[in-house]
Amino acid sequence: MSAESRTSAEIAVTLTVNGREVSRTAGAHLTLLRWLREAAGVTDPKYGCGEGSCGSCTVLVDGQPVSACLVLAAQVDGAAVTTAAGLLQADGSLGPLQRAFQQRHAAQCGFCTPGMLVTAAAALAGGRRLGRAEIRAALHGNLCRCTGYGPIVDAIELAQDEAPR
Amino acid sequence: MFTRPFRFERAGTLADACAMLRRHGEGAKVIAGGQSLMPLVNLGLAQPEVVIDISRAGSGPDAGAGSGPDAGAGSGPDAGAGSGPDAGAGSGPDAGAGSGPDAGAREISAADGYLHIGALVTHARLAADPAAARLQPLLGAAAGSIGNPRVRNRGTLGGSLAHGDPAAELPLVMVALGASYQITDGRRPRQARAEEFHLGYLTTGLADDELIAAARVPVLGPGWGWSFHEVSRRDGDFALAAVAALVRIADGIVVESRVAAGGVADRPVRLADVEIALSGASPGEIGARLDGVGPLRGIRPVSDTAASAGYRARLCRVLVGRALAEASARSLAAA
């Protein structure tokens, strides 16, 4: 088999995005972030730094927070991906974390918010009640340049108190 | 993020990946967790023509594809050395599919005084592994200090070692611990000592068609204390300086020590002068002995936007002091 026939410039990737199976054939060089935004039209994760420091592209891959800008979509073919939009209730209304972010004014410009939300969702998924220091540790690597983080930690505390998950 | 398009190829085994590297030549790059390669790609600093994905090597249905040569690699000279659970596995004709070095590439196992940590083990897994915590706690302390949780969820041991960033945590502790790396080109395995493998800034002794399969790390011996300290501008940034120290105190004096620093040269460096100066010191004398060592030989810090060379040198010295104090306290507690 020749080298050319085994490598692909375009590649078919199927992901379960927020519970819905999505298949797209797109450039093999696309990061998961670009695949989601440009091929699948899922635009809630944002491109920030491109090097894994800012967290605005955070999505959950099989439940784990990852920087979607540092993973190739082709690498995670078959995975379940959760973005902030995946935290909505079945009827389309805000989920407990999203509601708490709204109530505690945890979003200002909003650019970091999708990453903050899924990172918080992963942290709370264990079901154990987290103290403020643990919440802060979980958010380590998700940068916010507006809120000073206080309202974000408040919101996550509120969400876990209101709706243990 | 407007990257030049590249082609993608998934390797079913590490041996497959080595063959692909030979076939594609210079334009090929290997990706596992992607936490070092993809920042370079996103910033336009790396423009590969082909990216070879080893993140699934040895797992799942793809694994059978190239089992032949790999199966042999696992039963080579190493198997005789008593690599325990892996030793028998590589022998049968089909054994390569889920065992051999590829299965080892995802495992943390202990045998004969060594921890075997597969190249595809993530930092998060190494930081949380109970056997590693019990047998060589320096590893978990270093792995848990890397980047942020997302970096640790994807980043792999082999990726960090092969990338060879001089400020990275894992190359530093490997040098401090006297670890060696199992390297494969898919045909025959070889070993390289960490201290000789890291050659300079992002430069290692890995040939163009070789991959790191695993690291072999001596377990913490009886009576040894350990410590890992690093300082960065923001938690999660690359270290301005980092220090790993191991000390063994017996009958009230330092009888053995190993000290290494990262972020202060083009590679992680052993601080042999410090080790020699410590010999025979009582715990109370360690600080004075360190003061007696002149400018630390082997470190060549550089100035950049994060810190001046002078600050890095000073910081390194402070961290050596802290690490030695903590390691000797742990040694005393372990005795």
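All residue numbers refer to position in the chain's written sequence, counted from 1. Key to labels: chains lettered from A, ligands numbered from 1, both in the order written. The model is predicted, so local features are restricted to residues of pLDDT at least 70 and side-chain atom pairs to those at 80 or more, both for listing and for counting; the totals for chains, interfaces and linings are taken over all residues.

This part covers the overall build of chain B. A run of DSSP states H or I qualifies as a helix once it reaches four residues; a run of E qualifies as a strand once it reaches two. Both are numbered from the N-terminal end. The number of helices and strands found in chain B is 15 helices and 14 strands. Relative to its 335 residues, chain B shows a buried fraction of 56%. By the convention adopted here, residues are in contact when the distance between their C-beta atoms, placed from the backbone, does not exceed 7 Å. Long-range pairs, those at least 24 residues apart, make up 67% of the contacts in chain B between residues at least 6 apart in sequence. Exposure classes come from backbone-placed C-beta atoms, where a residue is buried if 20 or more other C-beta atoms lie within 10 Å of its own, exposed if 12 or fewer do, and partly exposed in between.

Residue and element names in this part refer to chain A. Fitted lines through C-alpha atoms serve as axes, helices being fitted only where they are in contact, and the angles separating the N-to-C directions of these axes extend from 0 to 180 degrees. Where helix α3 (residues 96–103) contacts helix α4 (residues 113–124), the two axes come as close as 10 Å, and the packing angle between them is 130°. Taken together, the axes of α3 and α4 are oblique relative to one another. By crossing handedness, the relation of α3 to α4 is classed as right-handed. The segment α3 lies against α4, with L97, Q98 and F101 engaging T113, L117, A120 and A121. Class assignment for the residues of the contact of α3 with α4 results in 5 nonpolar, 2 polar and no charged. We call two directions roughly parallel when the angle between them is under 35 degrees, roughly antiparallel when it is over 145, roughly perpendicular when it lies between 65 and 115, and oblique otherwise. Left-handed describes a crossing whose near helix is turned anticlockwise from the far helix through less than a right angle; right-handed describes the clockwise counterpart. Amino acids outside the nonpolar list (Ala, Val, Leu, Ile, Met, Phe, Trp, Tyr, Cys, Pro) and the charged list (Asp, Glu, Lys, Arg) are all regarded as polar, and Gly is one of them.

Before going further, it helps to spend a moment on the domain arrangement of chain B. Residues and elements named next belong to chain B. Its domain assignment divides chain B into domain 1 (66–218) and domain 2 (224–334). Tallying the contact residues gives 23 residues for domain 1 and 18 residues for domain 2. Those elements that place two or more of their residues in the side of domain 1 that touches domain 2 are α8 (137–143), α11 (169–177) and β8 (198–200). Counting residues per element, the side of domain 1 that touches domain 2 draws most heavily on α11, which supplies 6 residues. An automatic or database domain assignment is the source of the domain bounds shown.

Take the sheet that holds strand β10 (residues 211–218) of chain B next. All names here are of chain B. Spatial strand order, β4-β5-β10-β6-β7: 5 strands in an open sheet with antiparallel pairing. Pairing within the sheet leaves two strands with one partner each, and these edge strands are β4 (108–111) and β7 (189–193). Strand after strand, the sheet turns through a mean of 25° between neighbouring axes, direction not considered. Each pair of strands is called paired provided DSSP finds at least two bridges between the two strands. Pairing between strand β6 (residues 180–184) and β7: 5 bridges, direction antiparallel. Each residue of the ladder has a partner; that of Y181, found in β7, is A192.

In this section: the interface of chain A and chain B. Taken together, the contact between chain A and chain B spans 30 residues of the former and 29 residues of the latter. Among the secondary structure elements, those contributing two or more residues to the side of chain A that touches chain B are α1 (3–6) and β4 (64–67) of chain A. Per-element accounting of the side of chain A that touches chain B gives the leading share, 4 residues, to β4 of chain A. Considered class by class, the residues forming the side of chain A that touches chain B number 12 nonpolar, 15 polar and 3 charged.

Right, let's get into the pairing of β6 of chain B. Residue and element names in this part refer to chain B. Summarising burial for β6: 5 of the 5 residues are buried, a large majority. The two faces of β6 match: S180, Q182 and T184 on one face and Y181 and I183 on the other face are all buried. Joining the antiparallel neighbours β6 and β7 is a turn of 4 residues, in which G186 adopts a positive phi near 90°. In terms of strand pairing, β6 meets β10 through 5 bridges, oriented antiparallel. The residue of β10 that forms the bridge with I183 is I212.

With that out of the way, let us pick up the confidence of the model for chain B. With 87% of its residues at a pLDDT of at least 70, chain B reaches an overall mean of 88. Note on scores: pLDDT gives the predictor's confidence for each residue, bounded by 0 and 100. Long-range and interchain partners of residues 61–99 of chain B, a stretch whose pLDDT sits below 50, account for 78 contacts in this model, where long-range means more than four residues apart.

In a pair of packed helices, the angle between the axes and the distance between the axes together describe the arrangement. All names here are of chain A. As a packed pair, α3 and helix α6 (residues 150–162) sit with axes 8 Å apart at the nearest point and diverge in direction by 135°. When the interaxial angle is binned, α3 and α6 end up oblique. Crossing handedness for the pair α3 and α6: right-handed. Here P96, L97, A100, F101 and Q103 of α3 lie close against α6, whose contacting residues are A155, L158, A159 and E162.

Bringing helix α1 (residues 14–24) of chain B into the picture now. All names here are of chain B. Burial within α1 is extensive, with 8 of its 11 residues counted as buried. Among all positions in α1, only L14, A15, D16, A17, C18, M20, L21 and H24 are buried. Looking one or two residues past α1, G25 carries a phi angle of roughly 70°, positive in sign.

Here the focus is the domain arrangement of chain A. Residues and elements named next belong to chain A. When cut into domains, chain A gives domain 1 (3–85) and domain 2 (87–162). Taking only C-alpha atoms, the centre of domain 1 and the centre of domain 2 are 22 Å apart. Taken together, the contact pairs 18 residues of domain 1 with 14 residues of domain 2. Of all the secondary-structure elements, those providing two or more residues to the side of domain 1 that touches domain 2 are β3 (58–61) and β4. If you tally residues by element for the side of domain 1 that touches domain 2, the top one is β3, at 3 residues. Broken down by class, the residue content of the side of domain 1 that touches domain 2 amounts to 8 nonpolar, 8 polar and 2 charged.

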